[in-house]
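Structural description and commentary
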Amino acid sequence: MATVELKGVRKVYGGSVEAVKGVDISIADKAMCVLVGPSGCGKSTLLRMIAGLESITHGTIDIDGRVVNEVGPAERDIAMVFQNYALYPHMKVYDNMAYGLRNRGMKKDEIDARVKRAAETLELSALLDRRPRELSGGQRQRVAMGRAIVRNPKVFLFDEPLSNLDAKLRGQMRVEIKNLQRSLEVTSVYVTHDQLEAMTLADQLVVMNGGLVEQVGKPLDIYEKPASTFVASFIGAPPMNLLGGNGGKTGAPLTVADLSDLGVSVPPGTTTLGIRPEDIEQGDYAGEGLKTQLTVEAVEPVGAESFLHGKAGTHRLVVRVPGRSIAEPGAVLPIFAPRAKLHFFDANGKRVEG
Amino acid sequence: MSPRVTFPNKFLPYLLVAPQLAITLVFFYWPASQAIYQSTLREDPFGLDSAFVGLDNFRRVLSDPNYLNSIQVTVIFSVATAVLAMAVAMFLAVMADKVIRGKGFYRTLMIWPYAVAPAIAGMLWLFMFNPSMGTFAYMLRSAGIYWDPLLNGPQAMLLVIVAAAWKQISYNFLFFVAGLQAIPKTLVEAAAIDGAGETKRFWTIIFPLLAPTTFFLLVINTTYAFFDTFGIIHAVTGGGPGKATETLVYKVYNDGFVNLILGESAAQSVILMVIVIALTAVQFRYVEKKVHYG
Ligand SMILES: Nc1ncnc2c1ncn2[C@@H]1O[C@H](COP(=O)(O)OP(=O)(O)O)[C@@H](O)[C@H]1O
Ligand SMILES: [Mg+2]
């Protein structure tokens, strides 16, 4: 039951490395806020500042209406799940979960009740007497979760908690974390570099790049209206096709010749045209939009869908086709995308409406 | 699996291990067997003749009150030296782990004392605490402490313990620093979030996780205190005053080379040898069981 408020937060390491360059985020009570961005963009640093493990160079962090800049990690009433789980290797699962409660001087019966309840929720009851090294990766992950939930904290912090698991388990745990967070109604901050995890878990998605926030919003809003070319290429897989001049090679702006190649008109100031692979259709189109010919170079069938890689004039494009594709490399297909599905960006990479 | 290298020549493998075997034979098995042989003999007072006496030397040694005193001295000295050297080294290593700037420089300085030879280290401490001219002895005396390790047994013991421990601190420090670095930082952070203060974190997380290192060092340090401190004791107290610092190793030397009671001295070396073997066996047994967590 808490809100988290970041105002002008900056972090400078050792006087020179600026890892976080001024971040404002406001997280609502009970919400799951996901910080997503490429490796090294400052996500972990930001999370560790919320946890109190890293000092705050500038700005304020506020948890549940209280500025916590000078408050130690133990007194912030938060729980954190680390990427490597950080389980105490010399303690049994039970003691791993009980440790934080004992340190807070809780009564034995109460500790026992809480640990047993958490173990039941996470299906760990049979494993309470084991040590971490006797557990599988997925089980360790659950213990780390258990250690967080027994404390019943105001805020959960997750730092890439699933990145050490295999793909199948990751998908499964993702759903469990979401359900757990929903049912416990604890405000959470979740850090990941995986856009799929980010999209599926977030109530509020924060896309970060180079120590700055690029965009904040609901996952689908961000997907539908990326604020910049960075967000456009980071959210969605395969990424949005970004078409610039000179075939996009030098980042030059689109020219009149490019636009006539693509059969499209753009709002003034546009230098880059964005189009998602799934928004491109095959065939002839009478309405306004992008209309061109795709020369197929490679076909990637992945079962439920196929991806055609090819060229339209000098521009590289990826097109998603549902099911199996009948196109072969070398084929030339008419393709189009309605104008409403197009995204326009200016010379600074910012979105242009039009 | 790579294929096994085989030598067509039957003789070559033996030739290759011969130097190692020769060294072991000459420097260990031969003296060891000589010691065992010697321990069953007794020389006449003039050293002209010797006679086989069986286990009589052992019987005499083990019933000699001086020998029992020496065992007690050794146990006190070894345990105190090991505990002091390890406690101080662990404290310094934990502190060094917190240093961020100049970490390498600080560690290098900490390691230097290890390069000092035991006898030199002993002399150093002897000078500093010499009752008539030592700087520290002077300071102790002006602080109202009657300091005279040349006459006072416990003070002499204290001095050799401190000198012996001082030399071993560097070595222990190195291992503790490595051991601390092997503990993931996130564990300490998780404990901090779990509400454990600094002292509590040390005793509940860091100390237990250092246990394999600590145990290894305990064995090494005890062995060191048992056997490698001869030089220090020889330089500082010469086993005195009145046998107050005469450890088992020092007694072997004293009885054998100074008093020339060769048979009994040899019997003492054999007993010492058994103690080393026992210590080593304990080490292997215990370390193998203990080190595997993490
Ligand atoms: N303790 C540190 N000292 C100096 N620089 C650091 C430290 N921790 C992280 N950084 C730097 O800060 C930047 C952000 O790191 P981090 O927050 O870990 O990124 P992310 O979690 O998004 O991958 C990186 O450039 C990294 O090198
Ligand atoms: Mg990170």
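Residues numbered from 1 in each chain as written. Chains lettered and ligands numbered in written order. Predicted model: local features only at pLDDT ≥ 70, side-chain atom pairs only at ≥ 80, totals over all residues. Heavy atoms only, no water.

Brief notes about the overall build of chain A
Along its length, chain A carries nine helices and 19 strands. With the principal axes as the frame, chain A shows a C-alpha extent of 75 × 45 × 35 Å. When burial is assessed residue by residue, chain A has 51% of its 354 residues classed as buried. Long-range contacts, defined here as pairs at least 24 residues apart, represent 66% of the contacts in chain A between residues at least 6 apart. Surface accessibility of chain A: about 15,700 Å² in total, with carbon and sulfur atoms responsible for 50%. (Helix = DSSP H or I, 4+ residues; strand = E, 2+ residues; numbered from the N terminus. Buried < 20%, exposed > 50% of the residue type's maximum accessible area, 1.4 Å probe, protein only. Contact = heavy atoms within 4.5 Å. Areas by Shrake-Rupley, 256 points an atom, 1.4 Å probe, with all protein chains shown as cover.)

Things to note about the pairing of strand 2 (residues 17–27) of chain A
Consecutive side chains along a regular strand alternate between the two faces of the sheet. Direction of pairing for strand 1 (residues 4–13) of chain A relative to strand 2 of chain A: antiparallel, over a ladder of eight bridges. Among the inter-strand pairings, Glu5 of chain A is bridged to a residue of strand 2 of chain A, identified as Ser26 of chain A. (Pairing = 2+ DSSP bridges.)

Topic: the nonpolar core
Residue and element names in this part refer to chain A. By size, the foremost hydrophobic cluster in this structure holds 63 residues, and its most contacted members are Leu6, Ile25, Leu46 and Leu157. Every residue in contact with Ile25, bar those within four places of it in the chain, is listed here: Val4, Glu5, Leu6, Cys33, Leu35, Leu46, Gln204, Val206 and Val213. Counting residues in each nonpolar core, the second largest holds 47 residues, with Met32, Leu122, Ile177 and Leu180 among its members. (Core = buried A, V, L, I, M, F, W, Y, C linked by side-chain atoms within 4.5 Å.)

Details of the pattern of salt bridges
One pass over the structure, following the stated rule, counts 19 salt bridges over all chains. Between Lys251 of chain B and Asp64 of chain B there is a salt bridge, with the nearest N and O atoms lying 4.0 Å from each other. Taken together, the residues span a long stretch of sequence, with Lys251 of chain B in helix 12 (residues 248–258) and Asp64 of chain B in the loop between helix 2 (56–63) and helix 3 (65–98) at a distance of 187 residues. Since its relative accessible area comes to 3%, Lys251 of chain B is described here as buried. The class for Asp64 of chain B is partly exposed, based on a relative accessible area of 21%. Here the salt bridges do not stand alone but share partners, grouping Arg48 and Glu54 of chain A together with Glu189 of chain B into one network. (Salt bridge = Lys/Arg side-chain N within 4 Å of Asp/Glu carboxyl O.)

Here we look at the interface of chain B and chain A
Facing 18 residues of chain B, the contacting portion of chain A comprises 23 residues. Overall, the association of chain B and chain A removes approximately 1,700 Å² of surface from exposure, summing both partners, and the carbon and sulfur fraction of that is 62%. Interface area lost by chain B to chain A is led by Glu189, Ile193 and Asp194 of chain B, which between them contribute 39%. Between Glu189 of chain B and Arg48 of chain A there is a salt bridge; the shortest N-O distance is 2.8 Å. At the boundary of chain B with chain A, the tally comes to twelve residue pairs in polar contact (both at pLDDT 80 or more). (Buried area = accessible area lost by both parts, 1.4 Å probe. Polar contact = N/O pair within 3.5 Å; in protein donor to acceptor, adjacent residues only side chain to side chain.)

Regarding the pairing of strand 8 (residues 187–192) of chain A
Residues and elements named next belong to chain A. Along strand 8, six of the six residues are buried, which leaves the element largely enclosed by surrounding structure. Burial along strand 8 is two-sided: the residues Thr187, Val189 and Val191 and Ser188, Tyr190 and Thr192 are all buried. Pairing between strand 3 (residues 32–36) and strand 8: five bridges, direction parallel. Each bridged residue has a counterpart across the sheet, and for Val34 the counterpart in strand 8 is Tyr190.

Things to note about the UniProt feature "transmembrane region" (unreviewed entry) in chain B
All names here are of chain B. Under the local residue numbering, the UniProt record ascribes the feature "transmembrane region" (unreviewed entry) to residues 12–32, 71–96, 108–129, 201–220 and 266–287. Taken end to end, residues 71–96 is 100% helix and 0% strand, and its two terminal C-alpha atoms sit 37 Å from one another. For residues 108–129, the helix share is 73%, the strand share is 0%, and the end-to-end C-alpha distance is 26 Å. (UniProt positions renumbered as here; feature names shortened; annotations may be inferred.)

Comments concerning the environment of Leu41 of chain B
In this fold, Leu41 of chain B is placed in strand 1 (residues 41–43). Among residues more than four places away in sequence, those in contact with Leu41 of chain B are Ser50, Ala51, Phe52, Val53, Asn57 and Gly263 of chain B.

Observations regarding the site of ligand 1
Residues and elements named next belong to chain A. Taken together, the neighbourhood of ligand 1 is formed by Tyr13, Ala19, Pro38, Ser39, Gly40, Cys41, Gly42, Lys43, Ser44 and Thr45. Contact distances for ligand 1 include 3.2 Å between an oxygen atom and a backbone N or O atom of Cys41. Contact between ligand 1 and Ser44: an oxygen atom at 2.6 Å from a side-chain N or O atom of the residue. Here ligand 1 loses 57% of its free accessible area of 560 Å² to cover by the protein chains. Among the elements that line the shell around ligand 1, the one with the most residues is helix 1 (residues 43–51), at three residues. Grouping the amino acids of the shell around ligand 1 by side-chain chemistry returns four nonpolar, five polar and one charged. (Near = heavy atom within 4 Å. Nonpolar A, V, L, I, M, F, W, Y, C, P; charged D, E, K, R; others polar.)

Let's talk about the sheet that holds strand 8 of chain A
The strands making up a sheet associate through backbone hydrogen bonding, with each pair oriented either parallel or antiparallel. All names here are of chain A. With mixed pairing, the six strands of this open sheet are ordered in space as 6-7-8-3-9-10. With one partner strand each, in any of the chains shown, strand 6 (78–81) and strand 10 (212–217) form the two edges of the open sheet. Direction aside, neighbouring strands of the sheet carry axes that sit 15 degrees apart on average. Bridge count between strand 6 and strand 7 (residues 155–159): four bridges; the pairing is parallel. (Axes fitted to C-alpha atoms, helices over the stretch in contact; angles between N-to-C directions.)

Brief notes about unusual backbone geometry
All names here are of chain A. With an omega of -5 degrees, the peptide bond running from Ala237 to Pro238 counts as cis. Turning to its location among the elements, Pro238 is positioned in the loop between helix 8 (229–234) and strand 11 (241–243). Notably, Lys30 is not glycine yet its phi reads approximately 70 degrees, a positive angle. Structurally, Lys30 is set in the loop between strand 2 and strand 3. The backbone of Ala86 sits at a positive phi, close to 50 degrees, despite the residue not being glycine. Within the fold, Ala86 resides in the loop between strand 6 and helix 2 (93–103). On the accessibility criterion, Ala86 (4% relative accessible area) is buried.

With respect to the UniProt feature "domain: ABC transporter" (unreviewed entry) in chain A
As recorded in UniProt, the sites labelled "domain: ABC transporter" (unreviewed entry) are residues 4–235 of chain A. In the segment residues 4–235 of chain A, helix accounts for 37% and strand for 26%; the C-alpha atoms at its two ends are 24 Å apart.

Here's the deal with a nonpolar patch on the surface
Residue and element names in this part refer to chain B. Among the surface-exposed residues, Val17, Leu21, Ile23, Leu25, Val26, Phe27, Phe28 and Tyr29 lie close enough to one another that they form a single nonpolar patch of about 830 Å² accessible area. Its location among the elements puts Val17 in helix 1 (residues 12–38). Its relative accessible area of 41% is what places Val17 among the partly exposed residues. (Patch = residues over 30% accessible without salt bridge, like charges linked within 9 Å, V, L, I, M, F, W, Y side chains within 5 Å.)

Here we look at the packing of aromatic side chains
All names here are of chain A. Taken as a whole, this structure holds 15 aromatic pairs over all chains when the rule is applied. A connected cluster of aromatic rings, assembled from ring pairs, spans Phe156, Phe158 and Tyr190. Above the ring of Tyr88, the side-chain terminus of Arg147 is found at 4.7 Å from the ring centroid. The lysine or arginine in question, Arg276, covers the ring of Tyr223, its NZ or CZ lying 4.0 Å from the ring centre. (Phe/Tyr/Trp six-rings, centres within 6.5 Å; stacked < 30°, edge-to-face > 60°. Lys NZ or Arg CZ within 6 Å of the ring centre and 35° of its normal.)

A closer look at helix 4 (residues 137–150) of chain A
Compared with an ideal rise of 1.5 Å per residue, which puts 14 residues at 20 Å, helix 4 of chain A spans 20 Å between its outermost C-alpha atoms and is within 8% of the ideal. The element helix 4 of chain A is extensively covered by neighbouring structure, given that eleven of its 14 residues are classed as buried. Three or more residues of helix 4 of chain A are buried, namely Gly138, Gln141, Arg142, Val143, Ala144, Met145, Gly146, Arg147, Ala148, Ile149 and Val150 of chain A. Of the surrounding elements, those touching the buried residues of helix 4 of chain A are strand 6, helix 2, helix 3 (108–121), strand 7 and helix 5 (167–184) of chain A together with helix 8 (185–193) of chain B. Phi for Asn152 of chain A, located one or two positions after helix 4 of chain A, is positive at around 55 degrees. (Expected span 1.5 Å × (residues − 1).)

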